[in-house]
Amino acid sequence: MQTTLNSGGSAIPAQPDQTPANNSNSLKGFTFGSFDPNDKLVYPEILSPAEVLAGTLVTYTIRFQNTGERVSSFRVISANALVIASSRV
């Protein structure tokens, strides 16, 4: 996965410039990263104690894509531990 990034800028001086040719510049760069469509989302991300006691439902979205070449992988298990956090004021 590669994306081209092009950016540039110019300076317009208030006074006459002896070397106006160097008043602009451009940059071309690339982003690199692995292509991994796998992610897990939950909404809402945070529940108050009252919402937990009320049994507020959360919605999970799990996206998984096997982009490998092995065709014998038919069974996929996605396991996630829930983080239970508490705070005292």
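For the structure, check the block above.
Residues numbered from 1 in each chain as written. Predicted model: local features only at pLDDT ≥ 70, side-chain atom pairs only at ≥ 80, totals over all residues. Heavy atoms only, no water.

Side note on the overall build of the chain
When you go through the chain residue by residue, the secondary structure sums to one helix and four strands. Secondary structure elements of the chain occur, N-terminal to C-terminal, as β-β-β-α-β. Buried residues in the chain amount to 1% of all 89 residues. Only carbon and sulfur atoms are counted for the fraction: they give 56% of the accessible area of the chain, which is about 8,800 Å². (Helix = DSSP H or I, 4+ residues; strand = E, 2+ residues; numbered from the N terminus. Buried < 20%, exposed > 50% of the residue type's maximum accessible area, 1.4 Å probe, protein only. Areas by Shrake-Rupley, 256 points an atom, 1.4 Å probe, with all protein chains shown as cover.)

Quick word on the side chain of N23
Tracing the backbone through its elements, the reader meets N23 in the loop between β1 (2-10) and β2 (24-32). A polar side-chain atom of N23 sits 2.7 Å from a polar atom in the side chain of D17. Each residue touching N23, except ones within four places of it in the same chain, is listed here: G9, S10, A11, P13 and D17. (Polar contact = N/O pair within 3.5 Å; in protein donor to acceptor, adjacent residues only side chain to side chain. Contact = heavy atoms within 4.5 Å.)

Points about unusual backbone geometry
In this structure, P44 follows Y43 across a cis peptide bond, with omega equal to -10 degrees. Following the sequence through the fold, P44 ends up in the loop between β3 (39-43) and α1 (49-53).

Remarks on the environment of I46
Mapped onto the fold, I46 is located in the loop between β3 and α1. Along the backbone, I46 and V58 are 12 residues apart, and their C-alpha atoms lie at a distance of 9.5 Å.

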